[in-house]
Amino acid sequence: KQKTAYEIGVRLVGSEMCIRDRSMWWLGPSKDALPCPDVAPLVGSEGFAAPIAPYTCPSCSCTPAVCALPEEIHVAAATCPGDGAPSLAWGSPAWGGMCTADGAIPPGQMCGGVPCAQSLKIGAASVEPCQAVEEGAESIADPAWGLMARECMIGPFTGEGCATPGEVCAPAPPVGFTLCVHRPGDNPDVPCPESYPYRSVVYAGAHDDRSCAPCSCGDPQGAACSAYVQAYADGACGVPLVAATVAPGDPACVDLPAGVGLGSKAATWMEQTPGSCTQSGGPVGGVVLSEPYTLCCETEPYEPPE
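This text gives an overview of the structure that appears in the document.

### Things to note about the sheet that holds strand β13 (residues 119-122)
The strand order across the open sheet built from 4 strands is β10-β9-β13-β24, with neighbouring strands paired in antiparallel fashion. For this open sheet the edge positions go to β10 (87-89) and β24 (252-255), each flanked by a neighbour on one side alone. Within this sheet the neighbouring strands show an average axis-to-axis angle of 20 degrees, counted without direction. Bridge count for β13 against β24 is 4 bridges, and the pairing is antiparallel.

Right under this line is the structure:
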C-alpha cells in the first residue's frame, strides 16, 4: 500500500497501533542505542548517518636540508676537460671542508706514460634532501554514528480492536521508540506525510577507507650552496696551487702544472643556504555512506538527557 511514495506499515487506533509490517524504530545516536524491546524483539533493518570517525596518525616533520661539499675530486692525466684520460681519485667521503692530506699525490707520478697531474676535476656541491620524521602511533577506531536507525520487528499479536482485516494490534512504542514510514533514496522533493513529519536520511551501507599516508618530504626549495675549494702543494694547506668555486649542478675543472704534487685540500662555504622542504602525509580518506533511505517518523530522533 502506498501513500505519497512512502511505505506505510503502521497506523494508530486510539492508544494502540494497528500494524501491517509489524515493526517500530529506534532513532538516535549509536552510543545511546536501545536494544529492541520485548514487544518487538527482533532486529530488522539498521541504517546510519552522521559518522563520528576521528582518528590519529603520526605527526610528520622534516629534518633540515644540508649543503654538501663534493666528495668526488679527480686528478686527470690531460688538461681540462680531461674526459677519457686516466685519472686518480682524490675525493674524501663525508668531507667537511677542513684541511686534509688524505690521498695525497706525490710529484711526478705517471699514468700511462704521462704525468698524472695535469688537471683537477672537482664535482659539484649538492643539497642533501630532507628526511621525513614520524612521531606517535596510528590509531583508527571503528566509527560511531551521530544518527542510527534500528528497526524492531514486533512479535505476533491478535487483531482484536482493529477495523481492517489482516491488521493486528500491539501496545504503543516504548519510550525511545517511534513509528515511521520509509522509502528508498534521498529525495527532498517528496514530502513526509503530515502524520509522520520528522524526516531523517540514513544509509544501509558504509565503507571506511580512513588511513594514514606515510610521512614524506618534498625537494628542498630556496637552496643556495656554493663552496670555494683549494688544492695545495704541501700537506698542511700552506702552499696553494689552484682553486675553484662549485655549486649544485656546477662542477669545475682547472689545469695544473704537469706532474705537480698535490699534498692537501680544503674548502669553505661561500653561500650555505640549504632551503627547506614541505612535509606531507597523515590522515587520508573517510567514511563513505551508500544506499540511502528516508524515514519519516511521528517523533523526533531520540535525544538522551544531559
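### What to know about empty space enclosed by the protein
In this structure the tally under the stated criterion is 2 cavities of 30 Å³ or more. The space that makes up the second largest cavity amounts to roughly 40 Å³. Every residue lining the second largest cavity is listed: I73, W90, L120, I122, V229, Q230, A231, V242, A243 and K265. If you list the elements that add at least two residues to the lining of the second largest cavity, you get β13, β22 (224-232) and β23 (240-246). Looking at the lining of the second largest cavity element by element, the count peaks at 3 residues for β22. By residue class, the composition of the lining of the second largest cavity is 8 nonpolar, 1 polar and 1 charged.

### Some words on the pattern of salt bridges
Considering all chains together, one arrives at 5 salt bridges under this definition. With a shortest N-O distance of 2.7 Å, E46 and R150 are connected by a salt bridge. You can see E46 sitting in strand β6 (residues 42-52) and its partner R150 sitting in strand β16 (residues 144-153), a full 104 residues away along the chain. R150 gets classed as buried once you look at its relative accessible area, which sits at 16%. R199 is the salt-bridge partner of D186, the closest N and O atoms lying 2.8 Å from each other. Separated by 13 residues along the polypeptide, D186 in the loop between β19 (180-184) and β20 (198-208) and R199 in strand β20 bring together distant segments of the chain.

### Concerning the sheet that holds β23
Pairing between the strands of a sheet is mediated by backbone hydrogen bonds and can be parallel or antiparallel. Spatially, the 3 strands line up as an open sheet ordered β23-β22-β25, and their pairing is antiparallel. Each edge of the sheet is formed by a strand with only one pairing partner; in this case those strands are β23 and β25 (264-273). This sheet shows a mean twist of 15 degrees between the axes of neighbouring strands, independent of strand direction.

### Remarks on the nonpolar core
The biggest cluster of nonpolar side chains holds 22 residues, and the ones touching the most others in it are V75, W90, L120, L256 and L262. For this core, the secondary structure elements donating two or more residues are β9 (73-76), β13, β22, β23 and β24.

### Observations regarding the environment of H74
Structurally, the position occupied by H74 is in strand β9. Owing to a relative accessible area of 27%, H74 belongs among the partly exposed residues under this scheme. In this structure, the C-alpha to C-alpha distance between H74 and I122, residues 48 residues apart in sequence, is 6.7 Å. Filtering out sequence-adjacent residues up to four positions away, H74 remains in contact with S87, L88, A89, W90, S119, L120 and K121.

### Let's talk about the packing of aromatic side chains
Tallying each qualifying case throughout the model produces 2 aromatic pairs. Judged by centre distance (6.4 Å) and plane angle (50 degrees), the ring pair of W25 and Y293 falls under tilted. Residue W25 is found in strand β5 (residues 23-28), and its partner Y293 is found in strand β27 (residues 287-297); the two are separated by 268 residues along the sequence. An identical accessibility class is assigned to W25 and Y293; each is buried. Pairing F48 with W145 gives two aromatic rings, centres 5.1 Å apart and planes at 40 degrees, and the pair type is tilted. Here the residue F48 occupies a position in strand β6, and W145 occupies one in strand β16, the gap between them amounting to 97 residues. The residues F48 and W145 share a single accessibility class, namely buried. Over the face of the ring belonging to W90 we find K265, whose NZ or CZ atom lies 4.4 Å from the ring centre. Over the ring of W95 we find K265; its NZ or CZ atom is 5.7 Å from the centre of that ring.

Criteria and thresholds
Residues numbered from 1 in each chain as written. Predicted model: local features only at pLDDT ≥ 70, side-chain atom pairs only at ≥ 80, totals over all residues. Heavy atoms only, no water. Pairing = 2+ DSSP bridges. Helix = DSSP H or I, 4+ residues; strand = E, 2+ residues; numbered from the N terminus. Axes fitted to C-alpha atoms, helices over the stretch in contact; angles between N-to-C directions. 1 Å grid on protein atoms, 1.4 Å probe; cavity = no way out; pocket = protein on both sides within 12 Å on 5 of 7 lines; lining within 4 Å. Points joined across faces, edges and corners; volume = space filled by probe spheres on them. Nonpolar A, V, L, I, M, F, W, Y, C, P; charged D, E, K, R; others polar. Salt bridge = Lys/Arg side-chain N within 4 Å of Asp/Glu carboxyl O. Buried < 20%, exposed > 50% of the residue type's maximum accessible area, 1.4 Å probe, protein only. Core = buried A, V, L, I, M, F, W, Y, C linked by side-chain atoms within 4.5 Å. Contact = heavy atoms within 4.5 Å. Phe/Tyr/Trp six-rings, centres within 6.5 Å; stacked < 30°, edge-to-face > 60°. Lys NZ or Arg CZ within 6 Å of the ring centre and 35° of its normal.

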